[in-house]
Structure formats: structure tokens, C-alpha cells
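Chains, contacts and geometry: an overview
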Amino acid sequence: DTESGYRQTIASGDFGFDHWVSPDAFLGFAGSFSHANYDATYSDIKTNGASVSVSGGAALEFGLESSVFAAFGYNRHRQERLVDSVKYRADTFNSRNWSLGIDNSLVIIEDDNSSTRLFANYDYQNIGVDGWNEAVSQGPMALAMGRQNLDLHRLWLGLGYDLNYSESTLISLQGYYAGYFGDRQGMAAGQLLGAPIGQRDFVNSSDPVARDHVGASVLLDYSINQNITLNAGYTFQMARKTRAMRGDLGLRVIF
């Protein structure tokens, strides 16, 4: 039940390595670790995850830049539900996420201190979530859920503006549209373990991902020296039934 709202907090750490094979082309590797906590009125989910990715890109002619990436993520989840003052705990279960994508940007206006660019990105995700079982809990509302598998496509179009406010400060603004296609709604077979045999089976459908999203973001990069950069950002995104706001604070160190 998310009608009364929910709160999600995420702590993560990222690392990466880029190798410039020429002045205009690079290969990269990145990884991350994260801990997330999802709190709603009647449920709590804690997730520990890790991901790795490889990427490559190049600056082409006429202000066009293009890059491709592939990534894999693995997560372990612990879940609790509260029904009529009874807690139901599921066995720890796993999920996996594969993604492939291409990012393109084109500089359309440029001067000494600023640039304006168009960007068009596409990515594909395959998301697999293992089944879980609350048989260890005592109560009439214990559930068992089957595995889910989703194939999701995203098209991202937008306009960006970068301003070199000073020698050490870069301000970036973006406005964008994101369209989601494919399996926007998850479905899984389930069983109500406390129900009489013959009345246990049901199909659960998750809230669908909205097809159309619009958003805006602002990012500030402050270079402390040649090797250390502090960055802060804020993103607002909205769809038909959702609003999402996100703040980021990071430190980038080049060795």
C-alpha cells in the first residue's frame, strides 16, 4: 500500500577508471556498491547491491559525441510486511539487472564560456527478480511469490546548457523527456499460503511504469585542484501519477 506515500533512502559508493586511447576516444570501467531502504506504511524492504559496467566513447565531427555502455547489477533483498499487526518476513531473495545503451550529444551553440547541446539516448534493461516465500512466518496472510522478468526500453531526449562560471566552477542545466516502452508492468504468480487448497492461487501486478516522463536537473562542479572535484546536483522528474526529487553530493578524485 503506497497510497499514504513511502520513503526511500539510498547510500552508495562508486569507482571508475577511464583510459583515453586517443585524444578523442576512451574506454572505461566502473563499479558501485549500495544500500537502500524502502519504507511504506505496511512494508519495509532493505537492499544491498553491487554493479559493474564497461563503456566506450568518442568525439566525432561537427560537435557530435557518442558512447556505448553495458552494465550488470546484482541485489539481495530482505522484506517485511505488516498485516493486521502481524509481521510477515520473506526469505532473502535476489534480483539481477542487465542493461545496454547508447548516448549521443550534439553541440549546437558554443562560445568561450558556454555551450548548448541536444542529446538523444537509448537503453535496454532486463530485470529479473527471484521468487520469495513467507512460509517461515506464522499467520493466515503469508505469501509465496513466483519469479518476475521484465524487458524495458527507454528513449531519452533533451536539451542541455553548460556554463563555465569561473575557472573552477561549471554549472550544467538540463531539461528532458523520457519515454518507457516494453514490459512497463511486472506480473508474478502467487499463493496465499493460509488459504484453503484450491483458493490459494492469484496473480499480482505491480504499479506500471508511466510511459511518459519529463524532468529537469541542475549540476554544479567545483574543482578544488586538478585531481579533486566536488559536485552537487538536484533533479526533479514527473509523470502522470508520480513526482520524484533527488539530491546528489559527490567527490571525484583522479589518481
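The coordinates are above.
Attention here is on the structure that accompanies the text. Keep in mind that what you see is a predicted model, and the values were worked out from it rather than measured.

What follows deals with the overall build of the protein. For the protein, the helix and strand inventory stands at zero helices and 16 strands. In terms of principal-axis extent, the alpha carbons of the protein reach across some 75 × 35 × 35 Å. Scored against the burial criterion, the 255 residues of the protein give a buried share of 27%. Per element, the accessible surface of the protein, about 16,600 Å² overall, is 57% carbon and sulfur.

With that settled, consider a nonpolar patch on the surface. On the surface, Tyr 222, Ile 224, Leu 230, Leu 249, Leu 251, Val 253 and Phe 255 cluster together to form a nonpolar patch covering roughly 820 Å² of accessible area. Broken down by element, the nonpolar patch gets its largest block of residues, three residues, from strand E16 (residues 243-253). For Tyr 222, the position within the fold is in strand E14 (residues 212-223). According to the relative accessible area criterion, Tyr 222 is partly exposed, its value standing at 41%.

The tally for this structure, following the rule as stated, stands at eleven salt bridges. Lys 46 is the salt-bridge partner of Asp 44, the closest N and O atoms lying 2.8 Å from each other. With a closest N to O distance of 3.2 Å, Asp 162 and Arg 117 form a salt bridge. Residue Asp 162 is located in strand E10 (residues 148-164), and its partner Arg 117 is located in strand E7 (residues 114-129); the two are separated by 45 residues in the primary sequence. Summarising the burial analysis for this pair, Asp 162 and Arg 117 share the class buried.

Quick look at the pairing of strand E15 (residues 228-238) now. Relative to E15, E14 runs antiparallel, the two being bridged by ten bridges. The residue of E15 that forms the bridge with Ser 217 is Thr 235. Connecting E14 to the antiparallel partner E15 that follows it, the hairpin turn spans four residues. One ladder, built from eleven bridges, connects E15 with E16; its direction is antiparallel.

The residue Asp 84 is not glycine, and still its phi comes out positive at about 50 degrees. Take Asp 84: it is sitting in the loop between strand E4 (64-83) and strand E5 (86-89). Notably, Ser 85 is not glycine yet its phi reads approximately 70 degrees, a positive angle. Its place among the elements puts Ser 85 in the loop between E4 and E5. Look at Ser 85 and you get exposed, because its relative accessible area is 72%.

Read across the sheet, four strands follow the order E8-E9-E12-E13 without closing on themselves; strand pairing throughout is antiparallel. In this open sheet, the two edge strands, each paired with only one partner strand, are strand E8 (132-133) and strand E13 (201-205). Where strand E9 (residues 143-145) meets strand E12 (residues 187-192), three bridges bridge the pair, whose relative direction is antiparallel. Paired with Met 145 across the strands is Gly 190, a residue of E12.

The next point concerns the pairing of E7. With 15 bridges connecting them, strand E6 (residues 93-110) and E7 associate as antiparallel partners. The residue bridging Val 107 from the neighbouring strand is Arg 117, located in E7. In this antiparallel pair of consecutive strands, E6 and E7, the connection spans three residues. Strand direction decides the pairing type here: E7 and E10, joined by 16 bridges, are antiparallel. When the bridges of E10 are listed, Gln 125 appears paired with Leu 152.

What counts as what
- Residues numbered from 1 in each chain as written.
- Predicted model: local features only at pLDDT ≥ 70, side-chain atom pairs only at ≥ 80, totals over all residues.
- Heavy atoms only, no water.
- Helix = DSSP H or I, 4+ residues; strand = E, 2+ residues; numbered from the N terminus.
- Buried < 20%, exposed > 50% of the residue type's maximum accessible area, 1.4 Å probe, protein only.
- Areas by Shrake-Rupley, 256 points an atom, 1.4 Å probe, with all protein chains shown as cover.
- Patch = residues over 30% accessible without salt bridge, like charges linked within 9 Å, V, L, I, M, F, W, Y side chains within 5 Å.
- Salt bridge = Lys/Arg side-chain N within 4 Å of Asp/Glu carboxyl O.
- Pairing = 2+ DSSP bridges.

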